[in-house]
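# Fold and contact review
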Amino acid sequence: MNRRIMIAAAAVLILGTATGARATGWGVGAFGGVTIPIAQEDAARGILYGAQLRLSLGGLLGIEPNFTYFKNGDWEIDDAPGETFEGSKLTALGVNLILGGAGPVTGFRFFPFAGAKYYNEKNDFRDFSDSRLGWSAGLGLEIGAGSLGIEARAAGEVLPMDGGGSRKWVHLRGGVNYYFGIK
Amino acid sequence: MKRNLRSIRLPALLAAVAIIVAGCIVSGQFVIVLNIDNEMVSTNQELSSTLVDLTDNETWKDHKEDIQNIVDVKFEATIVNNRPDSAWGSVYFADRELTDADSVRAGAVQVLGGIRIPGWDSVQISFSESAVYMPELEKALDFVESGKFYVYGIADTPFSITIRPGARLMITFSAG
């Protein structure tokens, strides 16, 4: 049963990348969504937005320089009922390697991606500011026609901390891409 | 034999990836808030302290074996200066009971400092305001890991300060 599910998922991925008519070119995109902290008692769900470049390297490969701003929501804990504490604000500048194509698409495609990001975290409640290298990976779906593409994606973000441990989030986001230089 | 090795290569790789991913996912940041209900009156000669006992705290019990670092230490307190001169207060952690301010300075670890309390006056410090008093986070790690430690409030000499009942300590740590 599990094997069938895995085969079906692989088929959808392969067909998704194969049915989208790909072209070379480059694009710009904007996105927004939610950031969901994983196992962080000092953070709550918040918002994110950002922008990206999509550069096709030909075939299935592409790279995606990107900028993301996200803010953890104010958090509370059972030990201090009725009180809320400020969550961190983060900016991240990064590059993703995309498998599945980063140029314009007609139809739809799935695109797995992974990349590195330079995160800056600020938190006024903790009087804290620090910049560190982290990484992210996930899966996106883009539906396109002509110069336009609409995408949705889910990503895991991991930010190592000084002294051990890491902060982790799931980012769920939607966005629009506009492509130039379609051939 | 080769086929057998090949057949276990992929599951082994997947298992290794799963272990790494699971290890990453179960680690996280955890927060403990402790109430200090007793009044702490301290002078040069006489010292009162509070024993912080985390061993009954469910969060601490769940993660005591894998605490990695201290993310934040905050406190909330009203501190009264019982003398006419301004006092510069500090908070110390110690692993044992100490008898006077000098022994605290010599044998305890300063976690917070630089708290100015005007003469014959008091200061009320909230969790967010306490961030400016330079927490020495890494110094708090051993105490939090041990589960039991003493908290002292002292000031520069000579001093007489009172930490009113209802103070709270917030400790955020990373574990996994």
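First things first, this report covers the structure right here in the doc. (Residues numbered from 1 in each chain as written. Chains lettered and ligands numbered in written order. Predicted model: local features only at pLDDT ≥ 70, side-chain atom pairs only at ≥ 80, totals over all residues.)

Facing the 20 residues of chain A at the interface are 21 residues of chain B. Ranked by residue count, the leading element in the side of chain A that touches chain B is strand 9 (residues 166-180) of chain A, at three residues. Its residues placed into classes, the side of chain A that touches chain B shows eight nonpolar, five polar and seven charged. (Contact = placed C-beta atoms within 7 Å. Helix = DSSP H or I, 4+ residues; strand = E, 2+ residues; numbered from the N terminus. Nonpolar A, V, L, I, M, F, W, Y, C, P; charged D, E, K, R; others polar.)

All right, on to the pairing of strand 4 (residues 61-73) of chain A then. Residue and element names in this part refer to chain A. The pairing of strand 3 (residues 44-56) with strand 4 spans nine bridges and is antiparallel. The residue bridging Leu55 from the neighbouring strand is Ile63, located in strand 4. Pairing between strand 4 and strand 5 (residues 89-99): eleven bridges, direction antiparallel. In the strand pairing of strand 5, Lys71 is matched with Lys89. (Pairing = 2+ DSSP bridges.)

It is worth spelling out helix 4 (residues 137-146) of chain B at this point. Given 3.6 residues per turn, any residue in an α-helix points the same way as the ones three and four places further on. All names here are of chain B. Those residues of helix 4 not exposed but buried are Leu137, Ala140, Phe143 and Val144. In a view along the axis of helix 4, the buried residues occupy a sector of 110 degrees, so they form one face of it. The inward-facing, buried residues of helix 4 contact strand 4 (67-81), strand 5 (87-94), strand 6 (109-117), strand 8 (148-155) and strand 10 (167-175). (Buried ≥ 20, exposed ≤ 12 C-beta atoms within 10 Å, placed from the backbone. Arc of directions from axis to C-beta.)

Further remarks concern the pairing of strand 9 of chain A. All names here are of chain A. Bridging between strand 2 (residues 26-38) and strand 9 involves 13 bridges; their strand directions are antiparallel. Its bridge partner lying in strand 9, Gly29 is registered against Asn177. Both strand 8 (residues 148-160) and strand 9 contribute to a ladder of 13 bridges, which runs antiparallel. Directly across from Leu148, in strand 9, lies its bridge partner Tyr178. Between strand 8 and strand 9, which pair antiparallel and follow one another directly, the connecting turn spans five residues, one of which, Gly163, has a positive phi of 85 degrees.

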